[in-house]
Amino acid sequence: MIKQAIIPLAGLGTRMLPLTSVMPKELMPINGKPNLEYILEECLEAGIKEFIFIISKNKLSIKKYFFNDNFYKKIIKKKKDVKIIQEYKKIKKYQKMIKFVYQNNPKGTGDAVLKCKKFIKNKFFLMLLPDDLIIKSNCSKEMIRLHKKTNGSIIATKRIEKKTVSRWGILSIKNKKKKYFQIKDVIEKPSIKKAPSNFAIIGRYILPTKIFGEIKKLKPGQGGEIHITDAIRRLIKKENKFYGNIFTGKYLDCGTLSGYINSGIEIFKGK
Ligand code: G1P
């Protein structure tokens, strides 16, 4: 049963400076709604009951966005505006589901995941990277379905242009079926020469709790960070089954300014 989702939100957002010097990129609106809310909606629809947000003291505005009761109460008392009451109800619903952990010194996705260890209750959990939006189909739901079928760990994956391999985690594959395959190996941001395929990791993972033990053993990898990719690699080498889900939706990259602008256009067009 996948009921918990962890969402790393402590990143510095350097690809979006100077905007991110005053505002977390995850709160930047895409067609009128923060990026992060699209991620939460995807999770809710996929049956997730609890969110663990990994934030930092520099990104407390994310906490404030969801826990600003006095502000809402005052305004609602004065205005009795139906739209504001609706928004507050939505925020209240999320409040009950969110826990926070802190990663004040962002050291990579692996380090972020390890910070959640004490909160994880079941054998598997979902992780979503909010830079990656997937529209037109619920990727998390597809992955949970594949997890039920295979009993293994799942990574969302997509074919990318070979010349861009060094921007992604790249998979080496075996036993390819129409919509999924078994993962033979993973490598974080390889050179074109070292890339085993053009199947890239997209920011959705169903991971086993066993991953915590492997993260603890990691030394900083590519770019000096502790990567979840390297912990996954260790588990695969120990015969743990990982599958790549070739999702059916449309991928939007919100981690760069041009990608962010394009995401707004695509979501607007899709309405
Ligand atoms: C992270 C992961 C990478 C993955 C990518 C997807 O990289 O480390 O394996 O392919 O997300 O967006 P980042 O975007 O943090 O550089």
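Here, every reference points to the structure presented above.
Residues numbered from 1 in each chain as written. Predicted model: local features only at pLDDT ≥ 70, side-chain atom pairs only at ≥ 80, totals over all residues. Heavy atoms only, no water.

The next point concerns the pattern of salt bridges. Here the structure, examined in full by the defined rule, presents 23 salt bridges. For lysine 25, the salt bridge identified is with aspartate 131, shortest N-O distance 3.0 Å. A residue pair is termed long-range when its members are at least 10 positions apart, and lysine 25 in the loop between strand E1 (4–8) and strand E2 (29–30) and aspartate 131 in the loop between strand E6 (124–128) and strand E7 (132–135) qualify at 106 residues. Like aspartate 131, lysine 25 is buried. A salt bridge links aspartate 111 to lysine 115; the shortest N-O distance between them is 3.6 Å. Using a relative accessible area of 33% as the deciding quantity, one classes lysine 115 as partly exposed. (Salt bridge = Lys/Arg side-chain N within 4 Å of Asp/Glu carboxyl O. Helix = DSSP H or I, 4+ residues; strand = E, 2+ residues; numbered from the N terminus. Buried < 20%, exposed > 50% of the residue type's maximum accessible area, 1.4 Å probe, protein only.)

Right, let's get into the site of the ligand. Lining the immediate surroundings of the ligand are Arg15, Leu129, Asp132, Arg167, Trp168, Gly169, Glu188, Lys189, Ile201, Gly203, Tyr205 and Thr229. Here arginine 167 contributes a side-chain N or O atom positioned 3.4 Å from an oxygen atom of the ligand. The separation between an oxygen atom of the ligand and a polar main-chain atom of isoleucine 201 is 2.7 Å. Look at the ligand: alone it shows 380 Å² of surface, and the protein chains cover 87% of it. When residues of the shell around the ligand are assigned to their parent elements, the largest contribution, three residues, is made by strand E11 (residues 199–208). Looking at the shell around the ligand residue by residue, the classes come out as four nonpolar, three polar and five charged. (Near = heavy atom within 4 Å. Polar contact = N/O pair within 3.5 Å; in protein donor to acceptor, adjacent residues only side chain to side chain. Areas by Shrake-Rupley, 256 points an atom, 1.4 Å probe, with all protein chains shown as cover. Nonpolar A, V, L, I, M, F, W, Y, C, P; charged D, E, K, R; others polar.)

All right, on to the nonpolar core then. In this structure, Ile7, Phe51, Phe53 and Phe66 are the most contacted members of the largest nonpolar core, which totals 56 residues. Broken down by element, the residue count for this core peaks at five residues, all from helix H1 (residues 35–45). In this structure, Ala112, Ile120, Ile215 and Ile236 belong to the second largest nonpolar core, which totals 32 residues. (Core = buried A, V, L, I, M, F, W, Y, C linked by side-chain atoms within 4.5 Å.)

This brings us to the packing of H1 against helix H4 (residues 82–95). Two elements in contact, H1 and H4, have axes whose closest approach is 13 Å; the angle formed by their N-to-C orientations is 65°. It follows that H1 is roughly perpendicular to H4 by the angle criterion. The interaxial crossing formed by H1 with H4 has left-handed handedness. Here Glu37, Leu40, Glu41 and Leu44 of H1 lie close against H4, whose contacting residues are Lys90, Lys93 and Tyr94. Of the residues assigned to the contact of H1 with H4, the class counts are three nonpolar, no polar and four charged. (Axes fitted to C-alpha atoms, helices over the stretch in contact; angles between N-to-C directions. Parallel < 35°, antiparallel > 145°, perpendicular 65-115°, else oblique. Left-handed = near helix turned anticlockwise from the far one by under 90°. Contact = heavy atoms within 4.5 Å.)

This brings us to the packing of aromatic side chains. All chains considered together, the criterion is met by 13 aromatic pairs. Centroid distance phenylalanine 51 to phenylalanine 53: 6.4 Å. Interplanar angle 50°. Geometry classified as tilted. Phenylalanine 53 matches phenylalanine 51 in its accessibility class, with the two residues each being buried. Among the aromatic side chains, those forming a connected cluster through ring pairs are Phe51, Phe53, Tyr65, Phe66, Phe67, Tyr94 and Phe100. When the ring centre of phenylalanine 100 is taken as origin, the NZ or CZ atom of lysine 63, which lies over that ring, is 5.1 Å away. Geometry around tyrosine 94 places lysine 93 over its ring, the cationic atom sitting 5.6 Å from the centre. (Phe/Tyr/Trp six-rings, centres within 6.5 Å; stacked < 30°, edge-to-face > 60°. Lys NZ or Arg CZ within 6 Å of the ring centre and 35° of its normal.)

Note that every value here comes from positions in space, so none of it alone points to a role or purpose.
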